[in-house]
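A look at the structure
The lines below spell out each chain.
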Amino acid sequence: MIDVNGIRLHIAEQGEGPLVVLLHGFPESWHSWRHQFGPLAEAGFRVVAPDQRGYGGSDHPEDVSAYSILHLVGDVVGLIHALGEERAFVVGHDWGAPVAWHTALLRPDVVRGVAGLSVPPPFRGGQPPLATMRERFGGRFYWNYFEQPGVAEAEFSADTRGTLRKLLYSASGDAPGAGRHEQALVDDLERGWLADAPDPEVLPEWLTEDDLDTLTESYAQGFTGALNWYRNMDRNWELTAPWQGAVVSPPALYVYGDRDLVAAFPGTPELIEKLPKLMPNLLRKPLVLPGCGHWTQQERPTEVNEALLDFLTELRD
């Protein structure tokens, strides 16, 4: 447990050397990086993965406004310094990717290099994202479902283990229809998001029953803290106005799966195509992992580890 930015963060740690901070997404925990600890530590890096605020064993502030992107970046910067370092490599997946990208955008002085999995670097749009999606999809996009206080919590907490199993499987490259890149819409707002989600009889190879048990235990305090991240999306858009048009300047890497539903979000395919021109320090073209869904480092640990080690080693040396 580390005191950081006015809260306590639970971390997992392994290895010695240059610091690498691994930031998980939703609905995950530090455990989503289980396949990265050993290889990175063996290569001479100090690997730290926190449960981010609102998750797992870390503090869960009650105030919705305590989950803004500035709070989340503050947690990362504070963690780096609390661990006795001035700079670190920062790697994020899903929601952890925007936190990693924004840490590099807002505090490039503390970021030696930044890597994002699934979610590409932030280029601030012209309209607030929740309002934009609400108008485009009539409130059925999952971000808008999540922003309603208590609604998603009630659905997800009714069967926490079943919820996590469905969420992980349905967004993976193994799910029926994976790769069709349909929008993540809630078909019936009264029935909920998971009413018709596929529920596997047998888990895919990358996810064990023990993994699911560990993840389920981390949601003992419920889903509210994690969902509060979504409820700040329009506020984040307002708070980041001073960085309109700014680009991530530290050396960068972006990796995603060709069956990842995020790659189909409105405007994302076009952004990914333009990244090599938009990102001055993107060290290679976006790396696409064939057959991989949303859970990049869990579904394709070997390929992700190779890409991260190449990236980190080049910058360390």
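Quick caveat: nothing in here was measured; it's all calculated off a predicted structure.

**A closer look at the packing of aromatic side chains**
Going through the model one piece at a time under the given rule, you end up with 25 aromatic pairs. An angle of 80° between the planes, with centres 5.6 Å apart, marks the rings of Phe-26 and Tyr-230 as edge-to-face. Here the residue Phe-26 occupies a position in the loop between β4 (19–23) and α1 (34–42), and Tyr-230 occupies one in helix α9 (residues 224–230), the gap between them amounting to 204 residues. With a centroid separation of 4.8 Å and 80° between ring planes, the pair formed by Phe-146 and Tyr-230 is classed as edge-to-face.

**A few points about helix α2 (residues 69–82)**
Its 14 residues place the ends of α2 19 Å apart at the C-alpha level, agreeing with the 20 Å of an ideal helix rising 1.5 Å per residue. Three or more residues of α2 are buried, namely Ile-69, Leu-72, Val-73, Asp-75, Val-76, Val-77, Leu-79 and Ile-80. Within two residues after α2, Gly-84 carries a phi angle of roughly 85°, on the positive side.

**Structural notes on the nonpolar core**
Ranked by size, the top nonpolar core spans 78 residues in total, and within it Phe-26, Trp-143 and Phe-146 carry the most contacts. In this structure, Trp-143 is in contact with Pro-129, Leu-130, Met-133, Tyr-230, Met-233 and Phe-265, ignoring residues within four places of it in sequence. If you look at the next biggest cluster of nonpolar residues, it comprises 23 residues, including Val-91, Leu-253, Leu-287 and Cys-292.

**What about the packing of α1 against helix α13 (residues 301–316)?**
Interaxial distance between α1 and α13 falls to 10 Å at its minimum, and their mutual angle equals 40°. In terms of orientation, α1 and α13 fall into the oblique class. Seen from above, α1 lies across α13 with right-handed handedness. Together, His-35, Gln-36, Pro-39 and Leu-40 of α1 and Pro-301, Val-304, Asn-305, Leu-308, Leu-309 and Leu-312 of α13 make up the contact between the two elements.

**Let's talk about the pairing of strand β5 (residues 46–50)**
Of all the 5 residues making up β5, 5 are buried; the element is thus mostly covered by neighbouring parts of the structure. Judged by which residues are buried, β5 turns out to be covered on both faces: Arg-46, Val-48 and Pro-50 on one side and Val-47 and Ala-49 on the other are all buried. Of the strand pairs in this sheet, strand β3 (residues 11–14) and β5 are connected by 4 bridges, and their pairing is antiparallel. If you follow Glu-13 over to β5, its bridge partner there is Val-48. Handedness of the β-α-β unit built from β4, α1 and β5 comes out right-handed.

**Let's talk about the layout of surface pockets**
Reported here for the largest pocket is a volume of approximately 1,100 Å³. Counting residues per element, the ones that place at least two in the lining of the largest pocket are α3 (96–106), α4 (129–137), α5 (142–146), α10 (233–239) and α11 (268–278). Residue composition of the lining of the largest pocket, by class: 23 nonpolar, 11 polar and 3 charged. What the second largest pocket holds in volume is close to 800 Å³. In terms of lining residues, the second largest pocket is bounded by 39 residues, among which Ser-170, Ala-171, Ala-184, Trp-193 and Leu-261 are the most central. Secondary structure elements with two or more residues in the lining of the second largest pocket: α5 and α7 (160–170). In terms of residue class, the lining of the second largest pocket is built from 22 nonpolar, 8 polar and 9 charged.

Rules behind the numbers
Residues numbered from 1 in each chain as written. Predicted model: local features only at pLDDT ≥ 70, side-chain atom pairs only at ≥ 80, totals over all residues. Heavy atoms only, no water. Phe/Tyr/Trp six-rings, centres within 6.5 Å; stacked < 30°, edge-to-face > 60°. Helix = DSSP H or I, 4+ residues; strand = E, 2+ residues; numbered from the N terminus. Expected span 1.5 Å × (residues − 1). Buried < 20%, exposed > 50% of the residue type's maximum accessible area, 1.4 Å probe, protein only. Core = buried A, V, L, I, M, F, W, Y, C linked by side-chain atoms within 4.5 Å. Contact = heavy atoms within 4.5 Å. Axes fitted to C-alpha atoms, helices over the stretch in contact; angles between N-to-C directions. Parallel < 35°, antiparallel > 145°, perpendicular 65-115°, else oblique. Left-handed = near helix turned anticlockwise from the far one by under 90°. Pairing = 2+ DSSP bridges. Right-handed = clockwise from strand over helix to strand, strands pointing away. 1 Å grid on protein atoms, 1.4 Å probe; cavity = no way out; pocket = protein on both sides within 12 Å on 5 of 7 lines; lining within 4 Å. Points joined across faces, edges and corners; volume = space filled by probe spheres on them. Nonpolar A, V, L, I, M, F, W, Y, C, P; charged D, E, K, R; others polar.

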